[in-house]
Each structure stands twice: as structure tokens, then as C-alpha cells.
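Spelled out, the chains give:
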Amino acid sequence: ETASESSAPPLAEELLNFFVDQKLNSCFAATLFTCYALLRPDVVMELAWRNGLNDFAMPFMIQTMREMSSKLDGLVAKERAAEEAAVAEKKMAEEALASGYSADYGQADPNSMVVYGGGMGGGGMGMGGGMGMGGGMGMGGGGYGGYGGY
């Protein structure tokens, strides 16, 4: 109990080794029970295997496997829920796009033109280089034959 209350894994392992060295098998088993949270399963398994104490260590190992299995099941369920939520969100986005609804702007006009970027020749508002008056006029320039953003 003192080792358990100390919350010090090295102390619990040292006590476990002492009981193994002294051939106090029932104390070994009692330490596994009282210091369960402090003992590493690999240490317990190795001590039990090397000293023929598998029968004494088996309840500890069964509980450890049960705990690990429960944690793994929880992680799998959490991951599955996240994947399902992502699929549902993607499906809703696709349905919204197909129906013309935009989550950002409400109901979108299905006849409106979707514009990505600012045009080919630089400039602003789709007309680019000076509203077709050559490349000058201080409005961007460039483009094909003075058309700029066409």
C-alpha cells in the first residue's frame, strides 16, 4: 500500500523485484493488484515469464489487455465518427452546390457567372486595360490588343 500511495513507478517495480527475489509469490500478486496503475505491463510480463509466475501475473495481464482494448475501441469509434461527419459535411456541401445555395451568401443566383481571379491581362473589374481603348489610360494595361482582362 505504501508503494501505491507513493505514486512512484520505480518504487513499485523495485518492490515487485524484491518479492520475486525472495520467492514471495503471493506478495508479488498482491503488489500487482495494489500497484496496478504504477506498473508497466512489459516489466510484469518479463518478471513473470523469467520466474515462472505467469499464473500469478495473469489477472494483471487480463485487466491490462481489457483496458487497452477498451481504449482502442474508443479511439476507433472516435475516428469513425470523425470520418462520418466529414463525409456528411462533404455531401451537404455538394448538395448545396448542386441546388445553387451558398453557405456563405445564402441563396445564390443559379444564372450568375462564377468568376475566379481577376482576368487575364491584369486590371480591374473584368475590362482590364482601359475599357478597350488601347493599353493605357492608367487602368492596368497589358493583354491582347488592348483588351486587357478579356
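Rules used throughout
- Residues numbered from 1 in each chain as written.
- Predicted model: local features only at pLDDT ≥ 70, side-chain atom pairs only at ≥ 80, totals over all residues.
- Heavy atoms only, no water.
- Phe/Tyr/Trp six-rings, centres within 6.5 Å; stacked < 30°, edge-to-face > 60°.
- Helix = DSSP H or I, 4+ residues; strand = E, 2+ residues; numbered from the N terminus.
- Buried < 20%, exposed > 50% of the residue type's maximum accessible area, 1.4 Å probe, protein only.
- Axes fitted to C-alpha atoms, helices over the stretch in contact; angles between N-to-C directions.
- Parallel < 35°, antiparallel > 145°, perpendicular 65-115°, else oblique.
- Left-handed = near helix turned anticlockwise from the far one by under 90°.
- Contact = heavy atoms within 4.5 Å.
- Nonpolar A, V, L, I, M, F, W, Y, C, P; charged D, E, K, R; others polar.
- Expected span 1.5 Å × (residues − 1).
- Bend = angle between axes of the 7 residues up to and from the residue.

Student: Looking at this structure, I do not really get the packing of aromatic side chains. What am I missing?
Tutor: Per the counting criterion, the structure on display carries two aromatic pairs. Both rings, one in tyrosine 36 and one in phenylalanine 60, keep their centres 5.2 Å apart while their planes meet at 65°; by these two values the pair is edge-to-face. With tyrosine 36 in the loop between helix 3 (25-34) and helix 4 (41-50) and phenylalanine 60 in helix 5 (residues 54-99), this residue pair connects regions lying 24 residues apart in the sequence. In this structure tyrosine 36 comes out as partly exposed when scored by relative accessible area, which is 22%.

Student: How should the packing of helix 4 against helix 5 be read in this particular structure?
Tutor: Two quantities define a packed helix pair, namely the angle between the axes and the distance from one axis to the other. Relative to each other, helix 4 and helix 5 sit at 160°, their axes nearing to 9 Å. In terms of orientation, helix 4 and helix 5 fall into the roughly antiparallel class. In the crossing of helix 4 with helix 5, the sense of the turn from one axis to the other is left-handed. In this structure, helix 4 contributes Pro41, Val44, Met45, Ala48 and Trp49 to the contact, and helix 5 contributes Asn54, Ala57, Phe60, Met61 and Thr64. Along the lines of polarity and charge, the residues of the contact of helix 4 with helix 5 split into eight nonpolar, two polar and no charged.

Student: Explain helix 5 here, please?
Tutor: Residue pairs spaced three or four apart in an α-helix point in one direction, given the helix's 3.6 residues per turn. Between its first and last C-alpha atoms helix 5 spans 65 Å; for 46 residues at 1.5 Å apiece the expected length is 68 Å, and the two agree. A bend of about 25° at phenylalanine 60 is the largest found in helix 5. Within helix 5, burial applies to Ala57, Phe60, Met61, Thr64 and Ala96.

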